[in-house]
Amino acid sequence: MGTWRYMKEYKNVMEQYESTIKETSKSDENIDFIESEVKVYDFDAYTEDVCKEYRSKKSLSSVDAFALSDDDDFWFIEFKNARKSQLPKKSLPPKAYDSIYTAYFFLKEKYSINQIKKKAVLFVVYNDDAISNEKKENPSKGFSKFKNKMGELAKADTETRILFGIEKFKGFLYREIHTIGKQEFLEKYEKKCRLIND
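Residues numbered from 1 in each chain as written. Predicted model: local features only at pLDDT ≥ 70, side-chain atom pairs only at ≥ 80, totals over all residues. Heavy atoms only, no water.

K.L.:
Please clarify how the overall build of the protein should be interpreted in this entry.
P.N.:
Check the secondary structure of the protein and you find 8 helices and 6 strands. If you list the helices and strands of the protein from N to C, you get α-β-α-β-α-β-β-α-α-β-α-α-β-α. Taking all 198 residues of the protein together, 43% fall into the buried category. Sequence-distant contacts in the protein: of pairs separated by 6 or more residues, those separated by 24 or more amount to 68%. For the protein, the exposed area adds up to about 11,500 Å²; of that, 47% sits on carbon and sulfur atoms. (Helix = DSSP H or I, 4+ residues; strand = E, 2+ residues; numbered from the N terminus. Buried < 20%, exposed > 50% of the residue type's maximum accessible area, 1.4 Å probe, protein only. Contact = heavy atoms within 4.5 Å. Areas by Shrake-Rupley, 256 points an atom, 1.4 Å probe, with all protein chains shown as cover.)

Listed below in structure tokens is the structure:
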């Protein structure tokens, strides 16, 4: 199949799932997280249809969004409007694992699974500005100072370390994995997301 024909069919398959970062980053309670109209694909909706067609509606885990990068890499993005200390970490490895194989359904005409893995980049975007239960409890000033100090010491480590138990997928399912805060995502990656043939 020629590249042009493939890309046309590939785009047609995914057109119905076109969305925005704003919509795909909303919580299950429909609470806004990232106010961005940059277009991505709704990977949850795509995965739901795959399950209906091929798995007798038996569900799979999935990331929230899929996009191409400026370099034509495949970006898998999970948005979590919560502090990293409060994320449901057990839910993230299944999302990382299932999503790469679900994407194969619409990429398989051009890419082998190994080629997809070499172009795949996973993002988990959290929100350390979210109000935590700890803040609601109004902890003592002494405890707050201690916590802030520990946070400063850990900052350099968390900027490079892969969090949430998904580091095992780097080099196995994904070429790169980024566990980053909302602001870093907006500054470095938001505008690089694009749709097919954008």
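Now that the structure is up, let's keep going.
K.L.:
Would you mind showing me how to read unusual backbone geometry here?
P.N.:
Apart from glycine, the bulk of residues carry a negative phi angle, and the bulk of peptide bonds sit in the trans form. The backbone of Asn30 shows a phi angle near 65°, a positive value even though the residue is not glycine. For Asn30, the location among the structural elements is in the loop between α2 (21-24) and β2 (39-42). Overall, Asn30 belongs to the exposed group, its relative accessible area being 54%. Backbone geometry places Ser56, a non-glycine residue, at a positive phi of 50°. With a relative accessible area of 73%, Ser56 lands in the exposed category.

K.L.:
I keep staring at the packing of helix α3 (residues 43-54) against helix α4 (residues 92-107) and nothing clicks. Help me out?
P.N.:
Two elements in contact, α3 and α4, have axes whose closest approach is 10 Å; the angle formed by their N-to-C orientations is 75°. When the interaxial angle is binned, α3 and α4 end up roughly perpendicular. Along its contact with α3, which presents Phe43, Tyr46, Thr47, Val50 and Tyr54, the element α4 presents Ser99, Thr102, Ala103, Phe105 and Phe106. When its residues are assigned to classes, the contact of α3 with α4 shows 7 nonpolar, 3 polar and no charged. (Axes fitted to C-alpha atoms, helices over the stretch in contact; angles between N-to-C directions. Parallel < 35°, antiparallel > 145°, perpendicular 65-115°, else oblique. Nonpolar A, V, L, I, M, F, W, Y, C, P; charged D, E, K, R; others polar.)

K.L.:
Looking at this model, I keep getting lost on the pattern of salt bridges. Mind explaining?
P.N.:
Between side chains of opposite charge, pairing is possible as soon as their charged atoms come close. By the definition in use, this model includes 13 salt bridges. One salt bridge connects Glu48 with Lys52, and the closest N-O pair in it is separated by 3.7 Å. In this pair, Glu48 and Lys52 both sit in helix α3, 4 residues apart, roughly one turn of the helix. Accessibility expressed as a relative area gives 46% for Glu48, which makes it partly exposed. Measuring nitrogen to oxygen at the nearest pair gives 3.3 Å for the salt bridge that ties Lys80 to Glu78. (Salt bridge = Lys/Arg side-chain N within 4 Å of Asp/Glu carboxyl O.)

K.L.:
Whenever I open this one, the environment of Ser62 confuses me. Can you help?
P.N.:
Along the chain, the position of Ser62 falls in the loop between α3 and β3 (65-68). As a C-alpha pair, Ser62 and Tyr97 span 35 residues in sequence and 8.5 Å in three-dimensional space. Once residues lying within four places of it in the same chain are set aside, the contact partners of Ser62 are Phe43, Asp44, Thr47, Glu78, Lys95 and Ser99. At 2.4 Å, the side chain of Ser62 forms a polar contact with the side chain of Asp44. (Polar contact = N/O pair within 3.5 Å; in protein donor to acceptor, adjacent residues only side chain to side chain.)

Honestly, it's all geometry; don't read function into it.
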